[in-house]
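Structural description and commentary
These are the residues of each chain, in order.
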Amino acid sequence: MPAASETGDPLLLTPGPLTTSKTVKTAMLHDWGSRDATFIRMNAEMLERIAALAGGADTHAAVPVQGSGTFAVEAMLTNFVPPGGKVLILVNGSYGKRAVKICQYAKRAYAALETPEDTPPDVGRVAAALAADPAISHVFAVQCETTSGILNPVAEIGAAVAKAGRRFLLDAMSAFGALPLDARQTRFDAMAASSNKCLEGVPGIGYVVCRTDALEETKGNATSLSLDLHEQWTVMTATKQWRFTPPLQVIAALHRAIEEHAAEGGVAGRGARYATNCKILVEGMRALGFETLLPDRLQAPIIVTFHMPRDPRFNFQNFYDSLKERGYVIYPGKLTVAESFRIGCIGRLSADHMRGALEAIRAVLSEMGVTDCGPRRAA
Ligand SMILES: *Cc1c(COP(=O)(O)O)cnc(C)c1O
């Protein structure tokens, strides 16, 4: 029998969408009117708890937008970088590149500081770039660049940004809820994340945790009506309502998911489960001869990139399809530095699921007659 989630679906070992608990999904089995008191309470609690999880209970507000995570990143960049501002974008993967594209669409001035996908930004170079260009008002960084799974040093970058008197914006999408980020330690104007990554809700909501003092300054900056965070926040504060049809079932699921997150021990508990998943995965894959793209010190316990094996009998499509038949969905790589594939550790996945995935990988390799899983290109 193939492995399956609590609802009988294949397990998603991917960067998202992710496997969710049955209880999170069943939280959606209702209709609510947007003025329903239960819905209004769930929505307010959800937003308060998200701000608190970021260490911003007293200083920050979580402002939601309908859509995937990119909607929140776009809302954050276009609202917080004013028309006369300029943002330094730290790029080491496709989410950094997406931020560049957002600025191009919105005609916001930017500079990109790029490092290869297996290399974190250098904090000294960030400081030097800020010293060299006084026009830079903001710095944008990705906490875990899901393209490779690399952990970027956002606390150190944030300290350099604060020291230079600039504003810090974060894409914490694939890290928030599992890796520490605390507004009381790392000063940021805004941080974007979504419902279906480490909080394990269903997809459909992006949110930006905004320092309210900075959010107040953004009035009039928005480049689109539906992504106007200042307006969304102002209306929601006054009326408790979303401006446009709220994704009620997604909100109910995220509200429930945040309760399950707290029951697991919050960020520390969730992060510990993912770290265990990651350790089992990496050790098991190395035992089979695979090589990770990243050294352990740069690897976030979110998603792991493996070099494509050099054995000529290895065929990725067959590998993928056979694992899917056994109940495990993995993910292709999208690196420029090496041929690769990815296996995720996040979502409703346990240590047993990871061991089961390794068992399935061993069986599929044996079926394919693959014996040499070393990398195609020297690491
Ligand atoms: C998932 C993710 C996003 C958002 O992607 P969507 O497909 O729009 O949900 C943004 N940044 C990072 C780092 C991510 O992992």
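Below, the structure is looked at part by part. Predicted model, so just to flag it, every value in this text is computed and none were measured.

**Considerations on helix α8 (residues 229–239)**
Buried residues of α8: Leu229, His230, Gln232, Trp233 and Met236, and no others. Buried residues of α8, seen end-on, are gathered within an arc of 165° and therefore sit on one face of the element. Contacts from the buried residues of α8 go to α2 (37–53), β2 (60–66), α3 (69–80), β10 (205–211) and α7 (212–216). With a side-chain oxygen positioned 3.1 Å from the backbone nitrogen of His230, the residue opening α8 is Asp228. Phi turns positive one or two residues past the end of α8, at Lys240, with a value near 65°.

**A short note on the pattern of salt bridges**
Tallying each qualifying case throughout the model produces 21 salt bridges. For Arg286, the salt bridge goes to Asp296, with nearest N and O atoms at 2.7 Å. In this pair, Arg286 sits in helix α10 (residues 266–287) while Asp296 sits in the loop between α10 and β11 (303–307), placing the two residues 10 residues apart along the sequence. A salt bridge links Arg310 to Asp372, with the shortest nitrogen-to-oxygen separation between them at 2.9 Å. With Arg310 in the loop between β11 and α11 (316–325) and Asp372 in the segment after α12 (351–368), this pair connects stretches of sequence that are 62 residues apart. We classify Arg310 as partly exposed; its relative accessible area is 46%. Exposure remark for Asp372: the relative accessible area of 30% places this residue in the partly exposed category. Among the charged side chains, a network of salt bridges with common partners joins Glu200, Glu264, Arg270, Arg273 and Arg348.

**Regarding the pairing of strand β8 (residues 167–171)**
Within β8, 4 of the 5 residues are buried, which leaves the element mostly enclosed by the surrounding structure. As paired strands, strand β5 (residues 138–142) and β8 are joined by 5 bridges and run parallel to one another. In the strand pairing of β8, Val142 is matched with Asp171. Where β8 meets strand β9 (residues 190–194), 3 bridges bridge the pair, whose relative direction is parallel. Counterpart to Asp171 in the pairing with β9 is Ala192.

**Section: the packing of α2 against helix α9 (residues 248–263)**
One can describe the packing of α2 onto α9 by two numbers: an axis separation of 9 Å at closest approach and a directional angle of 50°. Overall, the two elements α2 and α9 adopt an arrangement that is oblique. α2 and α9 meet at a crossing whose hand is left-handed. Along the contact surface, α2 presents Phe39, Arg41, Met42, Asn43, Glu45, Met46, Arg49, Ile50 and Leu53, while α9 presents Leu248, Ile251, Ala252, Leu254, His255, Ile258, Glu259, His261 and Ala262. Per-class residue counts for the contact of α2 with α9 are 11 nonpolar, 3 polar and 4 charged.

**Let's talk about the sheet that holds β2**
Strand order in the open sheet formed by 7 strands is β2-β10-β9-β8-β5-β3-β4, with mixed pairing between adjacent strands. Every other strand in the sheet has two partners, leaving β2 and β4 (109–114) as the edge strands with one partner each. Each strand axis lies, on average, 20° off the axis of its neighbour in the sheet, ignoring direction. Relative to β9, α3 is tilted by about 165°, and along the sheet it contacts β2, β3 (86–91), β5, β8, β9 and β10. Strands in contact with helix α6 (residues 154–163) are β3, β5 and β8; relative to β8, the strand with the most contacts, it is inclined by about 160°.

**Observations regarding the side chain of Thr78**
Positionally, Thr78 belongs in helix α3. Beyond its immediate stretch of four places on either side in the chain, Thr78 contacts Ile102, Ala106, Arg108, Asn221, Ala222 and Thr223.

**Focus: the site of the ligand**
In the vicinity of the ligand, the residues found are Ser68, Gly69, Thr70, Tyr95, Arg98, Val142, Cys144, Thr146, Asp171, Met173, Ser174 and Lys197. Here Gly69 contributes a backbone N or O atom positioned 3.0 Å from an oxygen atom of the ligand. Contact with the protein chains removes 84% of the 380 Å² of surface that the ligand exposes when unbound. Every element with two or more residues in the shell around the ligand is listed here: α3 and α4 (94–106). Along the lines of polarity and charge, the residues of the shell around the ligand split into 4 nonpolar, 5 polar and 3 charged.

The rules we used
In every chain, residue numbers begin from 1 and rise along the written sequence. Since the coordinates come from a predicted model, pLDDT governs what is reported: local features require at least 70, and pairs of side-chain atoms require 80 or more to be given and counted, while whole-chain, interface and lining totals use all residues. By convention in this description, side-chain values take in all heavy atoms of the structure and omit both hydrogens and water. Exposure classes here rest on a 1.4 Å probe applied to the protein chains alone. A residue is buried below 20% of its type maximum, exposed above 50%, and partly exposed in between. To qualify as a helix, a DSSP run of H or I must reach at least 4 residues; to qualify as a strand, a run of E must reach at least 2; elements of each kind are numbered from the N terminus. What the arc covers is the set of directions going from the helix axis to the C-beta atoms. Contact between two residues is taken to exist if any of their heavy atoms lie within 4.5 Å; hydrogens are not considered. Two N or O atoms form a polar contact when they lie within 3.5 Å of each other; inside protein one atom must be a possible hydrogen donor and the other a possible acceptor, and for residues adjacent in sequence the pair counts only when both atoms belong to side chains. In the sections that follow, a salt bridge refers to a side-chain nitrogen of Lys or Arg positioned within 4 Å of a carboxyl oxygen of Asp or Glu. In this description, strands pair whenever DSSP reports at least two bridges between them. Here the axes come from fitting lines to C-alpha atoms, over the contacting stretch only for helices, and the angles between their N-to-C directions go from 0 to 180 degrees. An angle below 35 degrees is read as roughly parallel, one above 145 as roughly antiparallel, one from 65 to 115 as roughly perpendicular, and any other as oblique. Handedness of a crossing is defined here by the sense of rotation of the near helix relative to the far one, left-handed for an anticlockwise turn of less than a right angle and right-handed for a clockwise turn. Throughout this entry, Asp, Glu, Lys and Arg are counted as charged residues, while Ala, Val, Leu, Ile, Met, Phe, Trp, Tyr, Cys and Pro are counted as nonpolar. The remaining residues, Gly among them, count as polar. Nearness is defined per residue: one heavy atom within 4 Å of the molecule or strand is enough. A 1.4 Å probe and the Shrake-Rupley method give the accessible areas. Residues count as covered only by the protein chains that appear here.

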